[in-house]
Amino acid sequence: MSKTRRHFKDLHPVAYWIWGHKFRVLLFMLVGMLTCYPYLIEDGKVGQTLFEMMFTGLIFVSMYVLCDTRNDTIVALVFGVPALVIHAAHYIFPDLFMYSLLMACLVVFYAYMTLSVLRHVLREPAVDRDTIAGAICIYLLMGMVWAMLYSFVEQMSPGAFMVVNESPSEMRTALDAGGVGLHFTVFLYFSYTTLTTLGYGDIIPASDAARSLTSLEAIAGVLFIGAFVARLISAYPSEDVQK
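Residues numbered from 1 in each chain as written. Predicted model: local features only at pLDDT ≥ 70, side-chain atom pairs only at ≥ 80, totals over all residues. Heavy atoms only, no water.

Caption draft 1: Summary view of the overall build of the chain. When helices and strands are counted, the chain shows 10 helices and two strands. Walking the chain from its N terminus toward its C terminus, one meets helices and strands in the order α-α-α-α-α-α-α-β-α-β-α-α. Relative to its 243 residues, the chain shows a buried fraction of 44%. A sequence separation of at least 24 residues applies to 73% of the contacts in the chain between residues at least 6 apart. By element, 69% of the accessible surface of the chain is carried by carbon and sulfur atoms, the whole surface being about 12,600 Å². (Helix = DSSP H or I, 4+ residues; strand = E, 2+ residues; numbered from the N terminus. Buried < 20%, exposed > 50% of the residue type's maximum accessible area, 1.4 Å probe, protein only. Contact = heavy atoms within 4.5 Å. Areas by Shrake-Rupley, 256 points an atom, 1.4 Å probe, with all protein chains shown as cover.)

Caption draft 2: View of the packing of helix α6 (residues 96-123) against helix α7 (residues 129-156). One way to put it is that α6 packs onto α7 with a least axis distance of 9 Å and a crossing angle of 155°. On the basis of the axis angle, α6 is roughly antiparallel to α7. You can see that α6 and α7 cross each other, and the crossing is left-handed. For the contact of α6 with α7, the class distribution of residues is 22 nonpolar, six polar and no charged. (Axes fitted to C-alpha atoms, helices over the stretch in contact; angles between N-to-C directions. Parallel < 35°, antiparallel > 145°, perpendicular 65-115°, else oblique. Left-handed = near helix turned anticlockwise from the far one by under 90°. Nonpolar A, V, L, I, M, F, W, Y, C, P; charged D, E, K, R; others polar.)

Caption draft 3: Fine view of the environment of Ala 210. Its place among the elements puts Ala 210 in helix α9 (residues 208-234). When the C-alpha positions of Ala 210 and Phe 161 are compared, they lie 6.9 Å apart, and in sequence the two are 49 residues distant. The residues touching Ala 210, leaving out its near neighbours within four places in the chain, are Ala 160, Phe 161 and Pro 205.

Caption draft 4: Molecular detail of unusual backbone geometry. Not every positive phi belongs to a glycine, and Thr 197 is a case in point at roughly 55°. Positionally, Thr 197 belongs in the loop between α8 (168-195) and β2 (203-205).

Caption draft 5: Local environment of the nonpolar core. Core analysis: the biggest nonpolar cluster contains 63 residues, and Leu 26, Leu 106, Tyr 110, Met 144, Met 148, Phe 161 and Phe 184 have the highest contact counts within it. Looking at this core, the elements that each hand over two or more residues are α3 (22-41), α4 (44-66), α5 (70-92), α6, α7, β1 (161-163), α8 and α9. In terms of residues, this core owes the most to one element, α7, which gives 15 residues. Contact partners of Met 144, with chain neighbours within four places excluded, come to Leu 30, Met 33, Leu 58, Tyr 110, Phe 184, Leu 188 and Tyr 192. (Core = buried A, V, L, I, M, F, W, Y, C linked by side-chain atoms within 4.5 Å.)

Caption draft 6: Representation of the side chain of Ser 116 within the structure. Mapped onto the fold, Ser 116 is located in helix α6. On the accessibility criterion, Ser 116 (9% relative accessible area) is buried. Other than its neighbours up to four places away in sequence, Ser 116 contacts Leu 66 and Asp 72.

Caption draft 7: Region of the structure containing the environment of Arg 211. Relative to the helices and strands, Arg 211 is located in helix α9. Among the residues examined, Arg 211 registers a relative accessible area of 41% and is labelled partly exposed. Spatially, the C-alpha atom of Arg 211 lies 8.8 Å from that of Ala 160, the residues being 51 residues apart in sequence. Apart from residues lying up to four places away in sequence, Arg 211 is in contact with Pro 205 and Ala 206. Of note is the side chain of Arg 211, whose polar atom sits 3.2 Å from the backbone oxygen of Ala 206. (Polar contact = N/O pair within 3.5 Å; in protein donor to acceptor, adjacent residues only side chain to side chain.)

Caption draft 8: Looking closely at the pattern of salt bridges. Taken as a whole, this structure holds three salt bridges when the rule is applied. We note a salt bridge from Asp 72 to Arg 119, for which the minimum N-O separation is 3.2 Å. A residue pair is termed long-range when its members are at least 10 positions apart, and Asp 72 in helix α5 and Arg 119 in helix α6 qualify at 47 residues. Notably, a salt bridge pairs Arg 211 with Asp 208, separated by 3.5 Å at the nearest N-O pair. Of the two residues, Arg 211 and Asp 208 are both situated in helix α9; the distance of three residues between them amounts to about one turn of the helix. In this structure Asp 208 comes out as exposed when scored by relative accessible area, which is 63%. (Salt bridge = Lys/Arg side-chain N within 4 Å of Asp/Glu carboxyl O.)

Fair warning: the whole summary comes from geometry, so function is off the table for now.
Set out below in structure tokens:
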């Protein structure tokens, strides 16, 4: 048991219970955001505000989940706290530079978190419900990290992605007016259709960097599913061992 986990156990029973089910709590937050964001974004300013609140809550939960070892805690504080501050500042004062800074900060934070959860899942000697929830979280976090990368690339190089029946200038106007939600959620949708190799064709990578990222995400999605299934199979003893 890590020092952080012992600390939570000594601090409060509720905090320790949440820590013992941390991946399930994170999964609940991720699924909740992915389920609700289309309806919130369409609800105007109120819905946009609710989405920003959900996104902020997700960052808080992610920081809590990441605080396992000393190094993980440092990363959570160094990148998580600035992301919260920049996110709040960008919501109050929408600015393209601040948006790019937020995406860069979140990419580092969630990429490290994805690797941290992956390390935890692979090191578990036996698979339980929380381990399975952790593996699902990795898959969802991969899609979110790539969505942030896509958003960052589009910000740095306008026109890197083309939306069918929507010009680059219209995408730029949406970014200028809408904060994180209106722009980021477009790439969130595109990222998961790429990760699952579904690809409806309504969003097209137009630059070399965009095409490279989409190819890597599609490969990562397929490889992760294969590795996850192999991990589940290896967690169960063979018939010879059982005998």
